[in-house]
Amino acid sequence: MLGVCYYPEHWDEGRWETDARRMVELGITYVRIGEFAWSRSEPARGEFNFGWLDRAMDVLHAAGLRIVLGTPTATPPKWLVDECPDILPYDEQGRVRGFGSRRHYTFSSKTWWRESARIVEAIARRYGAHPGLAGWQTDNEYGCHDSTLSWGPEDLSAFRDWLRHRYQSAEQLNEAWGAVFWSMEVTGFDQVSLPNGTVTEPNPAQRMDFWRFHSDQVAAYDRMQCDLIRAHSPGRWITHNFMGFVSDFDHFKVAENLDLASWDSYPIGFVEKFPFSEVERNRWAETSHPDIAPWHHDLYRGVGRGRFWVMEQQPGPVNWAAWNPVPKPGMVRLWTWEALAHGAEVVSYFRWRQAPFAQEQFHAGLNLPGLDELSPGGAEAAQVARELATLPPLPETRPAPVAFVFDYPSYWATMIQPQGRDFRYEELVFRWYEAFRRLGLDIDVVPPGAPLQGYDLVVVPTMVHVTDAARAAIEAADGMVLIGPRAGSRDRTFAIPENLAPGPLAGLTGARVTQVASLRPGLEQPVTGSVQGGVIRWRDHVTADADVLARFADHGPALTRKGRVHVLHGWPAPDLLEALAAHMAEVAGLQTLPLPSQIRLRRRGDWWMFFNYGPGDWTLPSGFDCLMGGQTVPPQGLTIAQRITG
Amino acid sequence: MLGVCYYPEHWDEGRWETDARRMVELGITYVRIGEFAWSRSEPARGEFNFGWLDRAMDVLHAAGLRIVLGTPTATPPKWLVDECPDILPYDEQGRVRGFGSRRHYTFSSKTWWRESARIVEAIARRYGAHPGLAGWQTDNEYGCHDSTLSWGPEDLSAFRDWLRHRYQSAEQLNEAWGAVFWSMEVTGFDQVSLPNGTVTEPNPAQRMDFWRFHSDQVAAYDRMQCDLIRAHSPGRWITHNFMGFVSDFDHFKVAENLDLASWDSYPIGFVEKFPFSEVERNRWAETSHPDIAPWHHDLYRGVGRGRFWVMEQQPGPVNWAAWNPVPKPGMVRLWTWEALAHGAEVVSYFRWRQAPFAQEQFHAGLNLPGLDELSPGGAEAAQVARELATLPPLPETRPAPVAFVFDYPSYWATMIQPQGRDFRYEELVFRWYEAFRRLGLDIDVVPPGAPLQGYDLVVVPTMVHVTDAARAAIEAADGMVLIGPRAGSRDRTFAIPENLAPGPLAGLTGARVTQVASLRPGLEQPVTGSVQGGVIRWRDHVTADADVLARFADHGPALTRKGRVHVLHGWPAPDLLEALAAHMAEVAGLQTLPLPSQIRLRRRGDWWMFFNYGPGDWTLPSGFDCLMGGQTVPPQGLTIAQRITG
Amino acid sequence: MLGVCYYPEHWDEGRWETDARRMVELGITYVRIGEFAWSRSEPARGEFNFGWLDRAMDVLHAAGLRIVLGTPTATPPKWLVDECPDILPYDEQGRVRGFGSRRHYTFSSKTWWRESARIVEAIARRYGAHPGLAGWQTDNEYGCHDSTLSWGPEDLSAFRDWLRHRYQSAEQLNEAWGAVFWSMEVTGFDQVSLPNGTVTEPNPAQRMDFWRFHSDQVAAYDRMQCDLIRAHSPGRWITHNFMGFVSDFDHFKVAENLDLASWDSYPIGFVEKFPFSEVERNRWAETSHPDIAPWHHDLYRGVGRGRFWVMEQQPGPVNWAAWNPVPKPGMVRLWTWEALAHGAEVVSYFRWRQAPFAQEQFHAGLNLPGLDELSPGGAEAAQVARELATLPPLPETRPAPVAFVFDYPSYWATMIQPQGRDFRYEELVFRWYEAFRRLGLDIDVVPPGAPLQGYDLVVVPTMVHVTDAARAAIEAADGMVLIGPRAGSRDRTFAIPENLAPGPLAGLTGARVTQVASLRPGLEQPVTGSVQGGVIRWRDHVTADADVLARFADHGPALTRKGRVHVLHGWPAPDLLEALAAHMAEVAGLQTLPLPSQIRLRRRGDWWMFFNYGPGDWTLPSGFDCLMGGQTVPPQGLTIAQRITG
């Protein structure tokens, strides 16, 4: 189903009915509203002005639309900031981040929790039972604009409280952090300082705890909102719209509060954000890379425990990347179908109409700026709606044969201690994901500790700290397992394990890491054996009580296998990664369909859906009947097919 | 005529007479003094010490020199800063910019206005009627070192006052800024904040107003100085020495206070400042690019309503660029003649003698550091003086056949919303100017709204907001008109016009912009038709009720024409730009003389002056008699010629 | 002899005896301890807790180890910082640099001096006569992490005092700084401000004084520590462990307090820090560049007036560079032997055992993280110990035939006024050193003003300000002298000398600099004559009353000679530098042995020690008998040989 994001407060009331009617005509079912509308709803403390929102919800409901209502906490109004400056966040340089855009609050502020509860409760009370209300969105894009971490006095105070709870005594804190090093010991929690502004790098264990603390805060803050909403709006679901490539907090933890996950899909904007090469950026500038959106779909299907929406779908050029091209014709349709292929329940476009004013005036909508006239993206959305209406209902999403374990704390750990400037967790995961997707495989993304039984192959690109639960899940996996470099290299206190890396995985892998090397661009170490190619960026020097399937030139193990558990002891260059993926698929007994770099496949039930991100036609292999589209998939096109049985 | 910048306070009084005599012997007429001499003139509050300046002016006057006296407000002394720290500016990061160099004041400080008035009046009273005084310079290089904008408490207060005046009510402010977006609404002007330090980008309309506010302040501050000077120094002209490539305030507006414009010409330093490619930077490192100085000459002739000086002419290597080579032999002479060719009334070298101390000790002068001995640049200045003495008087400057409309607010608008990282207004204008100059055309630069009648061709590289006056002037033009991308894309409140871009130009152009694309380096969209080549960096997707002279590969209009008005709907790559310039010159009926990239031509009356920036000889086309120099122009040389008639 | 750095406070007391025994078994003589152990020794003000250190010293001593005890002033504990925040340093942006790592103090703080004296005296009293104590190390790596300069209120106060002492009156200060320029004059020392936070560049003379002030402070602070130690620990020597490529203070001056110098040798980490090209960085990533460690050995042999240690020797990968590869097998042994070849008395590895916690957990030790098991580097250290035991005693180090004059103030001067972005003093010196080392020459490094008699060749890559003593030493040299660009270009007050550069060297060189050019990358000026090649980055335009041995294309002198004194008037490109080194060696009558880029030679007495940094074998020239290793030196290997006489 389709949805759209709408801002009634941006338009004359006289236009609302027309807007609602045209949404329905286009084929839209859901409309999200309200998530930035605090100043209009409460222009001064306690002076609530909900009339406009009452009327807007009634108009939308009357037109037959189902409403998703956002809490407006991403944009505290100016009167509140002036009254309570302690809600403001601080950047790592110690500068206050002020009013004038959005997300200008720190999760650490008790004042902010009180004020958030006040506005959330007021809105939940008022609209919790509105007949047009389908569900809720908490806040907006937690963590966007680097807003998870904050470095102000409120943060210090809350961090000390969090540490008191975790460590009980200064002695245990000192021990956990190795604070004897460089005389960093404290005699009480009120001596703890923030891990910024130091002369050289601060204690990495302190930084890791600071990151965990903030991640915990996001989850707790969201839970506070959810609890209030549930109290006043029984029977409605709650989601949050996560932002792509924001990993500063654990999305799995936040989603424990939620009924379903959703995410904001800006496939082209992300091309400039993700560390692609310039060649790749140029190649994918006007279509996006064919794994950007799919990766997030699979991730948020996992975050949402099977249920997810795209809450904001890019409908044309955006305003916020370094460069913002117009997507190639067809891409808005392709992205929409692709989201559905990966299991999205709803794809909701951002936004109904391009705003001619303020920060996002260069951001396309389904309608041209200020006008009741579809944009090119709007026309493609309408096409999808027509196609959905003519096709049979989409089949159920089935479990994939391959599981990727995604571990937010590994992102934090490698940001804190990259050790080599280009060791980026998100990039490692993305490249491994791409390699398996190039084999035509469907992939589930799961958190550490989730059950792994039933998967033919489990991939753990890395997991810096391996909890008991995560280790147990890997041990209990009944398919093949592939683990990458740096796994198990830190314990709970962010120290090197007593038995060296991979710590708790030692028994499962048979490996022991004695030295690690980060390799500057230009250095590559060749690997030969069952897989061939190069290792770049990172190498673990190991001794192995396991089968050595491939070795480095100095005879050090590169790929080892002990039982089901394979470990690659380095960051694979593209050639090695391709060989590795093929090797693992083979030993896991997976049926693969190798695809060119611009083609991707995703199954939903017995539908095989092929997507063409390239500039030329691509023809399906034989053996398929086409439900939509033909054997030849045109540029920026898709084909839905079913295998010919018998 | 020639001039020089002199600092009597830097040298023993005993040397002044020799200096003055040697200036006159060299052929110098004007001497500028005094513009940084506050601490020497008022070493403590109210303790004026003008004796040295009295004597210096008398010595210079006695030698026959005409004096330009600068007000010393660019360098408030330490006692004043200590007493009144509220005069200090703040950078965008919120850090105070302190004492120790120059331009350490904000235009927003009322204290600073009071103190400025005090010192300007004291000096104007004392020297306003001095017989050696020719004219005045206000302050020094407004805006240099990013000193136009400031972000401190005084700025906030003054900005709020400016907004009160502009918008009258908070409601109108909210409406103009689209402040409902992201809950940015205020209920009073005292809730307005500065547009810095936000979590993500601040409101662009707020930023645009903040820029306008500062630009207005520069003009008002300058007017205050001019009013005081005129009150005490009747019959003397006033100028200000603008700095090249500083566009943070509207120079046309400041010049309304002035009798003539002047600018500071550092052709080689600017090679490192302007966004040239590395190849170009290397090519022009020791001569400068052949359009750098000419562009500014033409701009400031426009700013000065026909009258301008070069107040500071680079005489050798400077100290402030990333690299500072020695200019090729002949360049100081060439630059001087070139300024005269473009209509400069006086070319004044900076400075008489290289200072062996303080910040500019690596900056060449006409004399070697501390010595009474001409530098190589000094010898070239002497050569120019001799040449001027032997040639007939320079003919009058005539209006050019081509007008460029230069619009400072378009610089601000595209800095605020580049949308693509390399959309730089100054670069767009410069490249278009270069293309027409390569055709041997003379160019006038005029402000938006200036009358355009009489020009065969009017070029508007872009004009983001088109005022009624600007539209009317374009409509009234009687030559051909060429307009570039993004024109008319914002209205007075920095919103997208209700009829979409080009807003008020819609009727004149027949175009309507439905989408815009910024194109990362490496993306190029081919154009075919009456002109051929590529579009880079920016494309406007348009529908056109006009003749389409060239199209993109997707058939979208690239170059349209409606009556006289041509629009290029993108940023031209060099090949397209060259074709476009040739096409426009042809349809405008202009006589062109295509020149190689290192040769430039400028006419003054019936003198044709050819300048050779290249490393090899260049020979004039036939049909010229040479007044100075020969048919073959040597490297770093020039030839003044007249067409052979009949 | 060998040593090791050890942190008993990091390990259970129960492990100390085993550690000490294993050190002795490995062949270690010296153990350095204590330099970061303040919080453990004084957990709260006045509550001293020295029991653990008493026991640790006793255990180490009992095992037969000789102890070097560090003062713990590099890591003031949190209670002290909380109590006395005025000890904290400020960065150039004006931000306080807080607790949480190390070196968080400013040398300007009187409180800090008092507190430092208190802890140093307590430790010196307690351990000054310990029978296991061999000597002392003051603090740790002065200046590391840019900790020499600080920009806070304590610094301003101390700077004003320093200026009062130097200049006596505001008039003399104004005169020295040329403060009349830009109205920077002050009427008293309390008007002096810090040279940061200015709108454009601050006064370079002020900056130079600020740097001298800080350099003086480091020396004075160190002297305070040394005086206290000597008072309580007679008969023990004192050193400081200098950090490589830290030149913010004058190491020669600090070493005047010391009995011997020592330095911390991280050859691979420095590859990322020094401005090598990417090609070089890749080439030397896993071995280091073959002049990095040798340059420092020769420098600190000079700083220590003949006596130096390597206090911290890299034993494997480190944690702090942009990338941190594992050194090639053999390199730890090679570096150790190389240090001995250059005259190191002791090579002390950092550290005994890799710490599994805190900031340096990725930094290798002689033992694996937390374990009693040698790392690969530990095994190489053991090999060196065995080799030392089997060889005859190392011969005495003899004076080298070539002297390099290294001048810390020239580093400051060119940092303050690079004039071209890539004029880096350390790079200039390093490249010239490399060129002469490639000829197989041994080099001594000496400070300005040191006697130069006896050297066949004296090289002064540059010396921006030439003191009377430095000039006299050059004049008194009895070998050939080679001087580089910019020499003598500033006087004592950082002004251009009255007779222009090279100022006091004018008589010795016959040159006079009239203009200077910095040349951007890509500009190169060819030189022909006795030496051929190119000048890059910098050229002095000179007139010369001397023999001109080589000229630029415009006939300007490039290499001049007057008597013994040669001057190269530019920054040589590699080809010119190679030719210049060969030319100078020839005219100086030096016996050279040209070596490939990966091979180096250093003599100690009659031992010729050849080191192979390359990936292939290299064979000695004929005429040598091998003491250790063979005629063919394998990759990462070395050979010690003696010339066959007769």
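Under an unreviewed UniProt entry, the name given to chain A is Beta-galactosidase, and the organism recorded is Gemmobacter aquaticus. The UniProt entry for chain A carries the following text under Sequence similarities (unreviewed entry): "Belongs to the glycosyl hydrolase 42 family." We quote the UniProt Catalytic activity (unreviewed entry) comment for chain A here in full: "Hydrolysis of terminal non-reducing beta-D-galactose residues in beta-D-galactosides."

K.L.:
I tried to follow the overall build of chain A on my own but got confused; where do I start?
P.N.:
Helix and strand counts for chain A stand at 19 helices and 26 strands. In summary, chain A has a C-alpha radius of gyration of 25 Å against a globular reference of 26 Å for 646 residues, a match within 12%. The principal-axis extents of the C-alpha atoms in chain A amount to approximately 75 × 75 × 40 Å. Put simply, chain A has 646 residues, and 69% of those count as buried. In chain A, once contacts between residues fewer than 6 apart in sequence are set aside, the share between residues at least 24 apart is 70%. Accessible surface, chain A as shown: approximately 19,900 Å² in total, 51% of it carbon and sulfur. Looking at chain A, you have 61 positive and 77 negative side-chain charges, and the mean spots of the two groups are 1 Å apart.

K.L.:
Would you take a moment to explain the side chain of B:Glu434 for this structure?
P.N.:
Residue and element names in this part refer to chain B. The topology assignment puts glutamate 434 in helix H16 (residues 425-437). Among the residues examined, glutamate 434 registers a relative accessible area of 15% and is labelled buried. Residues in contact with glutamate 434, not counting those within four places in the same chain, are His289, Asp291 and Arg600.

K.L.:
Can you walk me through the domain arrangement of chain A in this structure?
P.N.:
Accessible area lost during the coming together of the parts is what is often quoted as the interface size. Residue and element names in this part refer to chain A. Along its sequence, chain A is organised into domain 1 (2-148 + 238-390), domain 2 (402-587) and domain 3 (599-643). The interface of domain 1 with domain 3 comprises 24 residues on the first partner and 13 residues on the second. Where domain 1 packs against domain 3, one counts two salt bridges. One salt bridge connects aspartate 291 with arginine 600, and the closest N-O pair in it is separated by 2.6 Å. Where domain 1 touches domain 3, the interface holds four residue pairs in polar contact (both at pLDDT 80 or more). No other element matches helix H13 (residues 331-341), which puts eight residues into the side of domain 1 that touches domain 3. By residue class, the composition of the side of domain 1 that touches domain 3 is eleven nonpolar, six polar and seven charged.

K.L.:
Can you walk me through the relation of the copies chain C and chain B in this structure?
P.N.:
In summary, the two copies of the chain are related to each other by a rotation about an axis coupled with a shift along it. Mapping chain C onto chain B calls for a rotation angle of 120 degrees and an axial translation of 0.0 Å; the resulting RMSD is 0.0 Å. The superposition of one copy onto the other is thereby described by a three-fold rotation axis.

K.L.:
What am I meant to see in the interface of chain B and chain A here?
P.N.:
If you look at the interface, chain B gives 47 residues, while chain A gives 55 residues. Of the roughly 4,500 Å² buried where chain B meets chain A, counting both sides, 54% is carbon and sulfur surface. The largest contributions to the chain B side of the interface with chain A come from B:Trp182, B:Val199 and B:Arg520, which together make up 19% of the buried area. Joining chain B to chain A, the criterion identifies four salt bridges. In this structure, the salt-bridge partner of B:Arg520 is A:Glu272, at a minimum N-O distance of 2.5 Å. Connecting chain B to chain A are 26 residue pairs in polar contact (both at pLDDT 80 or more). Secondary structure elements with two or more residues in the side of chain B that touches chain A: strand E14 (511-518) and strand E16 (533-544) of chain B. Looking at the side of chain B that touches chain A, its residues break down into 19 nonpolar, 19 polar and nine charged.

K.L.:
Please explain the interface of chain C and chain B as it appears in this structure.
P.N.:
Taken together, the contact between chain C and chain B spans 47 residues of the former and 55 residues of the latter. Together, C:Trp182, C:Val199 and C:Arg520 form the three largest contributors to the area buried by chain C at its contact with chain B, with a combined 19%. Put simply, chain C and chain B have four salt bridges between them. Its salt-bridge partner being C:Arg520, residue B:Glu278 comes within 3.1 Å of it at the nearest N-O pair. Linking chain C with chain B are 26 residue pairs in polar contact (both at pLDDT 80 or more). Those elements that place two or more of their residues in the side of chain C that touches chain B are strand E14 (511-518) and strand E16 (533-544) of chain C. The element that contributes the greatest number of residues to the side of chain C that touches chain B is E14(C), accounting for six residues.

K.L.:
Please clarify how the UniProt feature "active site" (unreviewed entry) in chain A should be interpreted in this entry.
P.N.:
Residues and elements named next belong to chain A. Per the UniProt entry, the sites bearing "active site" (unreviewed entry) are Glu141 and Glu312 in this numbering. Considering the C-alpha atoms alone, the annotated residues occupy 172 residues of sequence yet fold into one spot, their largest mutual distance being 10.5 Å. When you line up the elements, glutamate 141 lands in the loop between strand E4 (133-137) and helix H6 (153-167). Those residues in contact with glutamate 141 that sit more than four places away from it in its chain are Arg102, Arg103, His240, Asn241, Met243, Asp264 and Glu312. Tracing the backbone through its elements, the reader meets glutamate 312 in strand E8 (residues 308-313).

K.L.:
I would appreciate a short explanation of the state of the cysteines in the present structure.
P.N.:
When the sulfur atoms of two cysteines share a covalent bond, that bond is a disulfide. A complete count under the given rule lists zero disulfides over all chains for this structure. Left without a disulfide partner, B:Cys5 is nearest to the cysteine sulfur of B:Cys144, which lies 14 Å away.

K.L.:
Explain empty space enclosed by the protein here, please?
P.N.:
One simple way to see leftover space: roll a probe sized like a water molecule over the atoms. Residue and element names in this part refer to chain A. Its boundaries defined by the atoms lining it, the largest cavity holds a volume of some 320 Å³. What lines the largest cavity is a set of 30 residues, among which Ala501, Val513, Gln515, Val516 and Asp540 lie closest to the centre. Here the element with the most residues in the lining of the largest cavity is strand E14 (residues 511-518); it accounts for five residues. In the lining of the largest cavity, the residues fall into 18 nonpolar, nine polar and three charged.

K.L.:
Got a minute to help me understand the sheet that holds strand E26 (residues 638-643) of chain B in this structure?
P.N.:
Within a sheet, neighbouring strands are paired by backbone hydrogen bonds and run either parallel or antiparallel to one another. Residue and element names in this part refer to chain B. Read from one edge to the other, the open sheet built from four strands follows the order E21-E22-E26-E24, with strand pairing classed as antiparallel. If you trace the sheet from one side to the other, it starts and ends with strand E21 (599-604) and strand E24 (624-628), each paired once. The sheet shows a mean angle of 30 degrees between the axes of neighbouring strands, direction not considered. Direction of pairing for E24 relative to E26: antiparallel, over a ladder of four bridges. Note that in E26 the partner of phenylalanine 624 across the bridge is arginine 643.

K.L.:
Even after reading the chapter, I still don't get the environment of C:Met311, so can you show me in this structure?
P.N.:
Residues and elements named next belong to chain C. Residue placement: methionine 311 occurs in strand E8 (residues 308-313). Residue class for methionine 311 comes out buried when judged on its relative accessible area of 0%. C-alpha of methionine 311 to C-alpha of valine 542: the two residues are 231 residues apart in sequence and 45 Å apart in space. Discounting chain neighbours no more than four positions away, the residues touching methionine 311 are Cys5, Arg32, Val68, Gln137, Thr239, Asn241, Ser262, Trp263, Asp264 and Ser348.

K.L.:
What is the right way to look at the pattern of salt bridges in this model?
P.N.:
Proximity of charged atoms lets side chains of opposite charge pair with each other. For the structure on display, the rule yields 129 salt bridges over all chains. In this structure, A:Arg512 engages C:Glu373 in a salt bridge whose closest nitrogen and oxygen atoms are separated by 2.7 Å. Of this pair, A:Arg512 sits in strand E14 while C:Glu373 sits in the loop between strand E9 (347-349) and helix H14 (376-390), each in a different chain. Since its relative accessible area comes to 24%, A:Arg512 is described here as partly exposed. Judged by relative accessible area, C:Glu373 falls into the partly exposed class, the value being 31%. Here C:Arg431 makes a salt bridge to C:Glu434, at a shortest N to O gap of 3.1 Å. Linking C:Arg431 with C:Glu434, this pair stays in helix H16 (residues 425-437), spanning three residues, or about one helical turn. Here the salt bridges share partners, and the residues they tie into one network are A:Glu42, A:Arg45, A:Glu83, A:Arg114, A:Glu115 and A:Arg118.

K.L.:
Help me understand the nonpolar core, please; the structure alone is not making it clear to me.
P.N.:
Most often, soluble globular proteins keep nonpolar side chains buried together rather than apart. If you look at the biggest cluster of nonpolar residues, it comprises 589 residues, and the most contacted ones within it are A:Phe436, B:Phe436 and C:Phe436. Excluding its chain neighbours within four sequence positions, the residues that come into contact with C:Phe436 are C:Phe404, C:Leu441, C:Ile443, C:Leu457, C:Val459, C:Leu482, C:Ala581 and C:Met584.

Reading the values: rules and limits
- Residues numbered from 1 in each chain as written.
- Chains lettered and ligands numbered in written order.
- Predicted model: local features only at pLDDT ≥ 70, side-chain atom pairs only at ≥ 80, totals over all residues.
- Heavy atoms only, no water.
- UniProt positions renumbered as here; feature names shortened; annotations may be inferred.
- Helix = DSSP H or I, 4+ residues; strand = E, 2+ residues; numbered from the N terminus.
- Rg over C-alpha atoms; globule rule 2.2 N^0.38 Å.
- Buried < 20%, exposed > 50% of the residue type's maximum accessible area, 1.4 Å probe, protein only.
- Contact = heavy atoms within 4.5 Å.
- Areas by Shrake-Rupley, 256 points an atom, 1.4 Å probe, with all protein chains shown as cover.
- Lys, Arg positive; Asp, Glu negative; His and termini not counted.
- Charge placed at Lys NZ, Arg CZ, Asp CG, Glu CD.
- Domains from an automatic or database assignment.
- Salt bridge = Lys/Arg side-chain N within 4 Å of Asp/Glu carboxyl O.
- Polar contact = N/O pair within 3.5 Å; in protein donor to acceptor, adjacent residues only side chain to side chain.
- Nonpolar A, V, L, I, M, F, W, Y, C, P; charged D, E, K, R; others polar.
- Least-squares fit on C-alpha atoms with pLDDT ≥ 70 in both.
- Buried area = accessible area lost by both parts, 1.4 Å probe.
- Disulfide = S-S within 2.5 Å.
- 1 Å grid on protein atoms, 1.4 Å probe; cavity = no way out; pocket = protein on both sides within 12 Å on 5 of 7 lines; lining within 4 Å.
- Points joined across faces, edges and corners; volume = space filled by probe spheres on them.
- Pairing = 2+ DSSP bridges.
- Axes fitted to C-alpha atoms, helices over the stretch in contact; angles between N-to-C directions.
- Core = buried A, V, L, I, M, F, W, Y, C linked by side-chain atoms within 4.5 Å.

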